[in-house]
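Tertiary structure, described
These are the residues of each chain, in order.
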Amino acid sequence: MRGDAACSRARIRAGVDLSAPGRRVARPYGGAVITNAGANGGDVRALVYVDAFIPDEGETVVGILDGSSSALAVADPTAVLDVAGYPGAPEGAAEAFLKPDTVHNFFAQDLPEADRWTIVATQRPASFVANVTPSAAPAWKSIPSWAVLGTEDLIIPIDVQRRMAERAGATITEVDASHVSMVSQPAATLAAIQAAVDSIS
C-alpha cells in the first residue's frame, strides 16, 4: 500500500497527468493508495472514492474486511481467489486473482454475463503484501472527499463502506449496484467526479 502510494505521490509531484490537476479518483484498493498518496502528494484538493477502501491510519485492507459479510472474508482465501507466485517475489508475497465464480456471483453480479467474463479474463491481480500493509496518515482528514457506495456490493459490504465514508466526512452517494457500480450505474460516479471538479474550479 505505502509503496503504491509513494509511486502515486511521485507522479503527482512530477506533474504527471496534468490534464486533471488536484483530483484523485480511486476504487477498491486504489482508495487506500490515494488515502496515503494524497496526504503529501502535491496539489491534491479533492478525493473521489468509488466502492473503495477509505482506511484510517494503521488499518489494513484485510483488517477492514475481517468479521464482515464480505465474500473475501473467508478462512481459506483460495476458496474465492486463485493465488500465484511471481518471479523475484519476496518471501510471503503472492498475487491473487478473483476466481470466475467470485466475479460472477459477488464482484460484478449486476453486469451482463459477457461483461463478467471480460472481467475474469482481464483482471489485474491484487497483492497479498499490499493488502496487509498498515495505512499511513489519511489524506481525507485534510482533503474534501466524495464517495459512491454500491448498496449491493458483496466485496466491500455497504455497512463497511458507509462507516468508512462517514468517518471521512465524505459527500456520499448510494446507488443500487455491485462492486463495479462505475460500470453498471456510471452516472453516479460521473456526478461525484463532477462535484469534486466543481468544488475546486
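Everything here concerns the structure above.
Once a new chain begins, its residue numbering starts again from 1 and follows that chain's sequence as written. With pLDDT at 70 or above as the cut-off, local features in this predicted model cover only qualifying residues; side-chain atom pairs require 80 or more to be listed or tallied, and sums for whole chains, interfaces and linings still use all residues. Where side-chain values are given, they derive from all heavy atoms of the structure, hydrogens and water being excluded.

A look at the pairing of strand β2 (residues 46-50)
Most of β2 is tucked away: 5 of the 5 residues are buried. Per-residue accessibility, obtained with a 1.4 Å probe over protein chains only, is compared with the maximum for each type, and a residue is labelled buried under 20%, exposed over 50%, and partly exposed between these values. Here a strand is any run of E in DSSP of at least two residues, a helix any run of H or I of at least four, and the numbering for each starts at the N terminus. Residues Ala46, Val48 and Val50 point to one face of β2 and Leu47 and Tyr49 to the other, with burial holding for every one of them. In this sheet, strand β6 (residues 145-150) lies alongside β2 in parallel orientation, the contact comprising 4 bridges. Within β6, the position partnered with Val50 by the bridge is Val148. When DSSP locates at least two bridges between a pair of strands, those strands are taken to pair.

So, the environment of Ala71
For Ala71, the position within the fold is in the loop between α3 (61-65) and β3 (81-84). Placed 83 residues apart in sequence, Ala71 and Leu154 show a C-alpha to C-alpha distance of 6.0 Å.

As for the packing of helix α4 (residues 100-107) against helix α5 (residues 113-122)
Axis lines are fitted to C-alpha atoms, over the contacting stretch for helices. Their N-to-C directions set the angle, which ranges from 0 to 180 degrees. Interaxial distance between α4 and α5 falls to 9 Å at its minimum, and their mutual angle equals 130°. Relative to α5, α4 is oriented oblique. As for the relative orientation of α4 and α5, their crossing is right-handed in sense. Residue-level inspection shows Pro100, Val103, His104 and Phe107 of α4 in contact with α5, the latter providing Glu113, Arg116, Trp117, Ile119 and Val120. All residues other than Ala, Val, Leu, Ile, Met, Phe, Trp, Tyr, Cys, Pro, Asp, Glu, Lys and Arg, Gly among them, are scored as polar; the first ten of these are nonpolar and the last four charged. The residue makeup of the contact of α4 with α5, split by class, is 6 nonpolar, 1 polar and 2 charged. Geometric relationships in this document are graded by angle, where less than 35 degrees denotes roughly parallel, more than 145 denotes roughly antiparallel, 65 to 115 denotes roughly perpendicular, and other angles denote oblique. Here a crossing is called left-handed whenever its near helix is offset anticlockwise from the far helix by less than a right angle, and right-handed whenever the offset is clockwise. The contact criterion used is simple: two residues touch if any of their non-hydrogen atoms lie within 4.5 Å.

So, to be careful, I would describe these as geometric facts and stop short of saying anything about function.
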